Amino acid sequence: KQEVTQIPAALSVPEGENLVLNCSFTDSAIYNLQWFRQDPGKGLTSLLLIQSSQREQTSGRLNASLDKSSGRSTLYIAASQPGDSATYLCAARGTQGGSEKLVFGKGTKLTVNP
Amino acid sequence: SAVISQKPSRDICQRGTSLTIQCQVDSQVTMMFWYRQQPGQSLTLIATANQGSEATYESGFVIDKFPISRPNLTFSTLTVSNMSPEDSSIYLCSVGSGKADYTFGSGTRLTVV
């Protein structure tokens, strides 16, 4: 059974800092891994999707990497801004039995202080 | 990516009543997914809804409590039945398949009093 863990659970940084959020998964047989952002009381916004054959994806100030063999992914945020404050979730999509479902970590709550 | 309209966005309900949540997708999709997010927790999959067949429920979730309809390829509903305060959560629908991003509705924040 796939389990996804995110470290740290919460992070507070001053504006302008570069930061890394970590995600690990127990079953390396994944189809892809997706990073989401969730604002308080809201739905999820997709940030980056990394296919199992890829090593990284970039979008603006965001860069996500994937190391399937070690069961790890990182989300790098450059030059953080107060508007980046949110909870960041990673989710692994499995391949076993043709399952399409995502397994989520508990998230990292990020606060960027002005 | 697909765009999902979910409603209601929030509701406060009396215990013992039922609430039906609707999700409308702007394109035809084979599978839709329903998730629950309890306060301070991550998302847990409730069930997968396929058009033309019974929904597939995850362990710990049953059809009597969370009946799902999927009348066509762009629409689905989730009903939370006989509600108790423990059902207070955010409920989200999602679509995604193949190599595409999974997208989510904006969520329904349910409070049961």
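Residues numbered from 1 in each chain as written. Chains lettered and ligands numbered in written order. Predicted model: local features only at pLDDT ≥ 70, side-chain atom pairs only at ≥ 80, totals over all residues. Heavy atoms only, no water.

All names here are of chain A. Judged by pairing direction, the sheet is antiparallel, and its five strands sit side by side in the order S1-S3-S8-S7-S6 without closing on themselves. Of all the strands in the sheet, just strand S1 (4-7) and strand S6 (56-59) have a single pairing partner and so form its edges. Averaged over all adjacent pairs, the angle separating strand axes in this sheet is 15 degrees, with direction ignored. For S1 and strand S3 (residues 19-25), the ladder comprises four bridges, and the chain directions are antiparallel. Looking at S3, one finds that valine 4 is bridged to phenylalanine 25. (Pairing = 2+ DSSP bridges. Helix = DSSP H or I, 4+ residues; strand = E, 2+ residues; numbered from the N terminus. Axes fitted to C-alpha atoms, helices over the stretch in contact; angles between N-to-C directions.)

Here the focus is the state of the cysteines. What the rule picks out here adds up to two disulfides over all chains. Cysteine 23 of chain A shares a disulfide with cysteine 90 of chain A; S-S distance 2.0 Å. Its S-S torsion of approximately 80 degrees makes the covalent link between cysteine 23 of chain A and cysteine 90 of chain A right-handed. Taken as a pair, cysteine 23 of chain A in strand S3 and cysteine 90 of chain A in strand S9 (residues 86-94) lie far apart in primary sequence, 67 residues in all. By relative accessible area, cysteine 23 of chain A is classed as buried at 3%. Here cysteine 90 of chain A falls in the buried class, since its relative accessible area comes to 0%. Here cysteine 23 of chain B engages in a disulfide with cysteine 93 of chain B; their sulfurs sit 1.8 Å apart. On the sign convention where negative means left-handed, the S-S torsion of about -90 degrees between cysteine 23 of chain B and cysteine 93 of chain B marks this disulfide as left-handed. Of this pair, cysteine 23 of chain B sits in strand S3 (residues 19-25) while cysteine 93 of chain B sits in strand S9 (residues 89-95); the two residues are 70 residues apart in sequence, bridging distant segments of the chain. The two residues cysteine 23 of chain B and cysteine 93 of chain B agree in class, both being buried. For cysteine 13 of chain B, which is in no disulfide, the shortest distance to another cysteine sulfur is to cysteine 23 of chain B and amounts to 16 Å. (Disulfide = S-S within 2.5 Å. Buried < 20%, exposed > 50% of the residue type's maximum accessible area, 1.4 Å probe, protein only.)

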